[in-house]
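# Results of the structural survey
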Amino acid sequence: LCLRLGAKDQRNAAEPNRVIRRLQPLRGALARGRSLRGRGGSLTSGPWTVSGGRVILVATIASLLTTCTSTTAVHLQTPASSPASGVPVVGAVAMAPTPPDVLAQCRGVPSVATTCPTSLPRASHYAGKSVSRPSGYRFNVFSISDGIPTGSPFEDAPPAFVHVVLQSGRGLVRAYPFAIPTQGVGTPLTDELLKSARSTPILISTATWGGRRGALVLMPPYSSAETIDAGHLVFLFSDGGSDSVVSVHAWSPASQVLPTLQAIVESIPPA
């Protein structure tokens, strides 16, 4: 009810107040403990009331009406926006501009420079570093992190822990110790999937973000695969013969991970 009134308030500030005024007698009667006659029975001020075969949580209704009529009004969460596109990404965690020193470091790494995001999940203090690539491969790796992981996706949500990895160059996909699925039927990203025992990557879906078409893949945890992006949701795409990966360490609730990665990817300036 509050959300509906809040949504209407965005279109017409006066309309919700008219609706609430019409509901005031119900709230007043409930507060005084009076019974209200209704079709097929009565509504009382007790916590549970049966009216016409329907169970109604009256206390909850009273609470909602009190909340809707408070001076605070209804607060709707503002979605995170990706600076490059300016389009809100619904469901992402709170985002903030990439620290200038970290962004400068990232843009100084060959091949990775074109995949540096200008927006990251909000955290207290990010550190960036270039990571050595496996011998014989022609790609580069840059790691951005804040916090210390516990090893459990249920305790490693931003801002307590954030780890973003950027990889780009030739031979990137071949460097993984397993095949990366990029086609086929995807598996929904859920909390159950995060806590499952996984020894191989799992295709979540495909997407086009910021003009880049790629595959979303959930990597196995570090206990099964000692890769820098173990336990990450990765976005893998190709550009000009080179492979690139932008990834973020996954956490619970899993519903936040994909839109947050989308906000990160879409903040990367066009090549």
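Please refer to the structure placed before this passage.
From a predicted model like this one, the values you see are computed outputs, not experimental measurements.

Quick look at the pattern of salt bridges now. By the definition in use, this model includes 1 salt bridge. For lysine 195, the salt bridge is made with glutamate 192, and the minimal N-O distance between the two is 3.2 Å. With a gap of 3 residues between them, lysine 195 and glutamate 192 both fall in helix α5 (residues 191-195), about one helical turn apart. Each member of the pair, lysine 195 as well as glutamate 192, is classed as exposed.

Below, the discussion takes up the pairing of strand β15 (residues 242-249). Extensive coverage of β15 is indicated by the burial of 8 of its 8 residues. Where strand β14 (residues 232-239) lies against β15, 8 bridges are found, and the strand directions are antiparallel. Pairing of phenylalanine 237 across the sheet is with serine 244, part of β15.

This brings us to the sheet that holds strand β12 (residues 202-209). Across the sheet, 7 strands lie side by side as β9-β10-β11-β15-β14-β13-β12; this open sheet has antiparallel pairing. Bordering the open sheet on either side are β9 (127-131) and β12, each of which pairs with just one other strand. Each strand axis lies, on average, 20° off the axis of its neighbour in the sheet, ignoring direction. As judged from the 9 bridges shared by strand β10 (residues 138-146) and strand β11 (residues 162-170), these two strands associate in the antiparallel manner. Its bridge partner lying in β11, phenylalanine 142 is registered against leucine 166. Along the sheet, helix α4 (residues 100-107) makes contact with β9, β10 and β11, crossing β10 at roughly 170°.

A complete count under the given rule lists 1 disulfide for this structure. Two residues share a disulfide in this structure: cysteine 106 and cysteine 116, whose sulfurs sit 2.0 Å from each other. Disulfide cysteine 106-cysteine 116: torsion about the S-S bond near -95°, hence left-handed. Taken as a pair, cysteine 106 in helix α4 and cysteine 116 in the loop between α4 and β8 (119-121) lie far apart in primary sequence, 10 residues in all. Taking the relative accessible area as the measure of exposure, cysteine 116 reaches 1% and is therefore buried.

A few words on the packing of aromatic side chains. In total, this model carries 3 aromatic pairs according to the counting rule given. A ring pair is formed by tyrosine 176 and phenylalanine 178, whose centres lie 5.9 Å apart and whose planes are at 20°; its orientation type is stacked. Phenylalanine 178 shares its class with tyrosine 176; the two are buried. Relative to phenylalanine 237, the ring of phenylalanine 235 has its centre 5.4 Å away and its plane inclined at 35°; by these criteria the two rings are tilted. As far as the burial class goes, phenylalanine 235 and phenylalanine 237 line up, both buried.

What the largest pocket holds in volume is close to 400 Å³. Lining the largest pocket are 22 residues, and of these Gly151, Pro221, Tyr222, Gly231 and His249 lie nearest its centre. When its residues are assigned to classes, the lining of the largest pocket shows 10 nonpolar, 10 polar and 2 charged. Here the second largest pocket is characterised by a volume of approximately 250 Å³. Counting residues per element, the ones that place at least two in the lining of the second largest pocket are β11, β13 (212-218), β14 and β15.

Cut-off values and rules
Residues numbered from 1 in each chain as written. Predicted model: local features only at pLDDT ≥ 70, side-chain atom pairs only at ≥ 80, totals over all residues. Heavy atoms only, no water. Salt bridge = Lys/Arg side-chain N within 4 Å of Asp/Glu carboxyl O. Helix = DSSP H or I, 4+ residues; strand = E, 2+ residues; numbered from the N terminus. Buried < 20%, exposed > 50% of the residue type's maximum accessible area, 1.4 Å probe, protein only. Pairing = 2+ DSSP bridges. Axes fitted to C-alpha atoms, helices over the stretch in contact; angles between N-to-C directions. Contact = heavy atoms within 4.5 Å. Disulfide = S-S within 2.5 Å. Phe/Tyr/Trp six-rings, centres within 6.5 Å; stacked < 30°, edge-to-face > 60°. 1 Å grid on protein atoms, 1.4 Å probe; cavity = no way out; pocket = protein on both sides within 12 Å on 5 of 7 lines; lining within 4 Å. Points joined across faces, edges and corners; volume = space filled by probe spheres on them. Nonpolar A, V, L, I, M, F, W, Y, C, P; charged D, E, K, R; others polar.

Geometry only, nothing functional implied.
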